[in-house]
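# Working through the structure, step by step
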Amino acid sequence: MNGEVLDELKEAILSFDSEKASEIAKKAVSQGIDPLKAIEEGVSRALNEIGTKYEKGEIFLIELMMAAEASKSALKIFEPELRKQRKEKKTLGKVLIGTVEGDIHEIGKNIVAALLAVNGFDVIDLGVDVSVDTFISKVKETKPDIIGLSALLTTTLPIQKKIIDKLREEGLQDKVKVIIGGAPTSPEWAEEIGADGYGADAKEAVKIAKKLIRAT
Amino acid sequence: MLLNILSKNEIYNVHLSCLEILEFVGVKVPSVKMLKMLSDAGAEVDLKEQIAKIPSYLVEEMIKKVPHKVALYDREGMKIDVKPKSKEVFFGTVGFATRILDFEKGEYRSLRSEDLARLTLLADALENMDVYMTTGSPSDVPLEIVDRYMWLISLMNTRKHVVNEANHREGALDAIKMASEIVGGFEELKEKPIISILISITSPFRYDKPTFEAFLEAVKADIPVYVNSGPLAGANSPVTLAGTLTLNVTELLSSIVISRLINKRSRILPASWARTMDMREGSAVLGGPEFALLHAAFAQVMDYYNIPCVAGGILSDAKALDVQVGSEKTLTALIPVLGGVNIVHGMGLIASENLASLEQLVIDNEIAGMAKRIRKGIDVNEETLATDLIRKTGLTGGFFKEKHTLMHFKSQLWFPKVFDRRILDAWLSEGAVTIDQKAHKEVEKIISTHKPPEISKETEEKLMEIVKEAEGRSVK
C-alpha cells in the first residue's frame, strides 16, 4: 500500500511534474507514511535515477532542473512533518549557494544547485545579487558545510575574493569550504583567492563538493 | 529552408539546352532491342553507331509520367519516401573505398571483408544514416565477384535499405535473388524493396554494354534504380558549371526515357555525382565549393521536373581526420541539402571517396544531423513565437524552468553525440580529448554492443550459395 504511493511519487518526479509530486506527497502524509521513509523511497530514489541519467547524457539540463523542482515541492510537504517528529533527513551535507553581489546571472548557479540536490546535498539557494554581508550572516545562521559562489562577470569576480577574505576575518574559514564557479573563473583564480574548490561545470562542482565533504 | 542557386528562368534555360542536346546529339545505347524501342517511340536511331537522338516531345512526356515519389524500405518495413519538395532530407554512406584508415595503428591499408562488415554494422547503428550504400570493395575476396560479396556483407550487417553497384546483368540478377531470399520472395521484394541497384552512365552520354544490361534487368524487375551521372567538369564535360549541369541532367533524362519504355512502373532515382577536375593535379574534386553548387542546382532542376533526386555530398578530398575534412564535408552536405537534394550520399569516406574511416562515419553522423536540422528551418506559429509566455515572464525573463522549454526543447534543438560543447576547463580536466579520439571511442562502443540483423542459418546458407555459384561461373 505504502509502496504504491511512493512509487507514484517517484514517477511524478521522473516525469518532472511539480504539481503532481506535491499532491502525492500530501496523500502520503494523510496516509500516515513516515516522512523519512517517503523521502528516501520516493524522492531520493527518483533523484538518484535522474542523477545517473544526467551523467550518462540520457536526459537534459532542463529535465534535471524540473526534476529537482518537483522533488522540492514534495520536500516542502514532508519537512514540516519531519520537524513535528523531531527527525532530520539524511543528507550528504549542506550547501549554501548564490550569485555574488552585482551579478544577476542565475542559470549556471541554478544548474549547480539542482545537480547538488539530485546528488543528495541539502541546498540552500540565496538567489542572485547576494551581498557579502548576507553570505556571512547566512553562513553563521545555517552552518553549511560548503558555500558556492557564482560569478559570471569579470567585474564581479573580485567579490568572490571579498567573501573569502571576510570569512577569514570572521574566523569562519575552517568551518566552511568554499567552491567558486562561473565562466570567467579558473583553477588559477581559485588558488589565488584561496578557494577550496573550483567547479568548471556543474558535474565538476558536484565531484568537488563530494570530495570536500569526504575530507572533513 | 531552401536556397535558390538558379532562378526559374535559368532552370528553364538549362532544361531547353538538355532537350536540344538529346535531340541533336543523343545517347549511345548498346542494345539493338532498346534502340528499336526508342525508334518506335519516335527517336532518330543509328543502329550501326548505336546512337539514339531523342525528340523533345518524348522527353517532356516521359518526365511527366515517371513516378514522382520513390519509396525505399528497410528490413523492418520502415519506409523512406523520397519525394521532391519534402522537408525531410536523408543521408547515406557512399562507396566504394578500396582502402581504410586504421585509426589505432595510424595506417592506410587495403580494406578487407571484416572492415566492410564493421563499417556496415556501424552505419546500421547511426541515427542519421538513412540509406546504406556499400562503403567498400574488399581486397580479400575474388575480384571477379567482389560485388556479390559486397551485397552479402551489406545485407548481413544492416537492417537499413542497401544500395550497391551492378556492373553487369548477372550481378544485378544475383543481387535481386539475394534480397528476395531475405524478404521471402521476389514479389515481397517488389512490394517493399529493401535494395536499390546503382548503375553509372559514362560521360558524355554513353552506357557501356554490361552496365546497360544490369540497368535493364533492374528496371524490368521493378527494383529502384539509382542512375548515376558523374561528369568531370573540364575533362569530359564543359568547365563551366552551367555546361556541366546541362550535360549531367541530359544524361539522366535519357535514363528516364529508357526506363519508362522498358517498364511503365520503373522506379528511377537520378543521382548526380558531377565533379570538377583540379586544374593543377588533374584529380577529381569532391570537396570543393563547385561540387556543392552543382548538386544544389541539380536538385533545383529535378524539383522543376517534380522528380526526386540523389546526389553526392558530405564529401571531402582530405586524407586525414583534420580541419579540411570537417570544412569540406559540412559545406558539401549543407549546400546540396539546401538546394533540395532528397538523399545525400557521402558518409564514411574521405580522400575523394577512396578511403573509408569508421571514425569519420561517426563524425559524418553529426554533420548530417546538423544539416537535417537546418533544412527544417524555423517554424513560426503562436506556440513557437511564445508571445504570451514572454509577456508573462516579462523583465525577469526566466525560461529555464518553464514548461514551454520542457515541451519544445527536443524538437527545436539539435543535440550532438560526439561534438564537444562543454566549457574549456571541464574539457581540459577530462583529458582534452579531441574529436577523432572521441569518435574512435564511440566506434568501439557501437561495434562491441550493436547487433547485426537476425538472419536464419538457412537464409545465410542460401545467400552463400548464390555467391558460390557466381564464383563457380566466373572460374569457368
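Cut-offs and rules
Residues numbered from 1 in each chain as written. Chains lettered and ligands numbered in written order. Predicted model: local features only at pLDDT ≥ 70, side-chain atom pairs only at ≥ 80, totals over all residues. Heavy atoms only, no water. Contact = heavy atoms within 4.5 Å. Buried area = accessible area lost by both parts, 1.4 Å probe. Salt bridge = Lys/Arg side-chain N within 4 Å of Asp/Glu carboxyl O. Polar contact = N/O pair within 3.5 Å; in protein donor to acceptor, adjacent residues only side chain to side chain. Helix = DSSP H or I, 4+ residues; strand = E, 2+ residues; numbered from the N terminus. Core = buried A, V, L, I, M, F, W, Y, C linked by side-chain atoms within 4.5 Å. Buried < 20%, exposed > 50% of the residue type's maximum accessible area, 1.4 Å probe, protein only. Disulfide = S-S within 2.5 Å. 1 Å grid on protein atoms, 1.4 Å probe; cavity = no way out; pocket = protein on both sides within 12 Å on 5 of 7 lines; lining within 4 Å. Points joined across faces, edges and corners; volume = space filled by probe spheres on them. Nonpolar A, V, L, I, M, F, W, Y, C, P; charged D, E, K, R; others polar. Domains from an automatic or database assignment.

Quick look at the interface of chain B and chain A now. At the junction of the two partners, chain B supplies 15 residues and chain A supplies 20 residues. Summed over both sides, the interface between chain B and chain A buries roughly 1500 Å², with carbon and sulfur atoms accounting for 69% of that surface. Interface area lost by chain B to chain A is led by B:Phe400, B:Lys401 and B:Leu406, which between them contribute 45%. Between A:Glu63 and B:Lys410 there is a salt bridge, with the nearest N and O atoms lying 3.2 Å from each other. Taken together, the links from chain B to chain A amount to 3 residue pairs in polar contact (both at pLDDT 80 or more). Contributing elements (two or more residues each) for the side of chain B that touches chain A: helix H15 (403–412) and helix H16 (424–429) of chain B.

Counting residues in hydrophobic clusters, the biggest one holds 128 residues, and the most contacted among them are B:Phe91, B:Ile197, B:Phe215 and B:Tyr226. Apart from residues lying up to four places away in sequence, B:Ile197 is in contact with B:Trp151, B:Asn164, B:Ala166, B:Ala172, B:Ala175, B:Ile176, B:Ala218, B:Ile223, B:Pro224, B:Val225 and B:Tyr226. Core analysis: the next-biggest nonpolar cluster, separate from the first, contains 54 residues, A:Ile13, A:Met66, A:Val95 and A:Val206 among them.

Right, let's get into the state of the cysteines. For the structure on display, the rule yields 0 disulfides over all chains. Free cysteine: B:Cys309, not disulfide-bonded; nearest cysteine sulfur from B:Cys18 at 14 Å.

Scanning all chains against the criterion turns up 43 salt bridges over all chains. A salt bridge links A:Asp165 to A:Arg168; the nearest nitrogen and oxygen atoms lie 3.9 Å apart. With A:Asp165 and A:Arg168 both in helix H7 (residues 157–169) and 3 residues apart, this pair spans about one turn of that helix. The salt bridge involving B:Arg473 is made with B:Glu170; its shortest N-O contact spans 3.4 Å.

In this section: the layout of surface pockets. All names here are of chain A. When its volume is computed, the second largest pocket comes out at roughly 720 Å³. Contributing to the lining of the second largest pocket are 31 residues, with Lys72, Leu75, Ala117, Phe121 and Val123 lying nearest its centre. Going through the elements one at a time, helix H3 (35–55), helix H4 (61–84), helix H5 (107–118) and strand S2 (122–125) are the ones with two or more residues in the lining of the second largest pocket. At 8 residues, the largest contribution of residues to the lining of the second largest pocket is made by H4. Of the residues belonging to the lining of the second largest pocket, the class tally is 14 nonpolar, 7 polar and 10 charged. Counting only domains with at least three residues in the lining of the second largest pocket, you end up with domain 1 (2–84) and domain 2 (94–215).

We now examine the domain arrangement of chain B. By domain assignment, chain B separates into domain 1 (8–57), domain 2 (63–376) and domain 3 (382–412). Placing a centre on the C-alpha atoms of domain 2 of chain B and another on those of domain 3 of chain B gives a separation of 42 Å.

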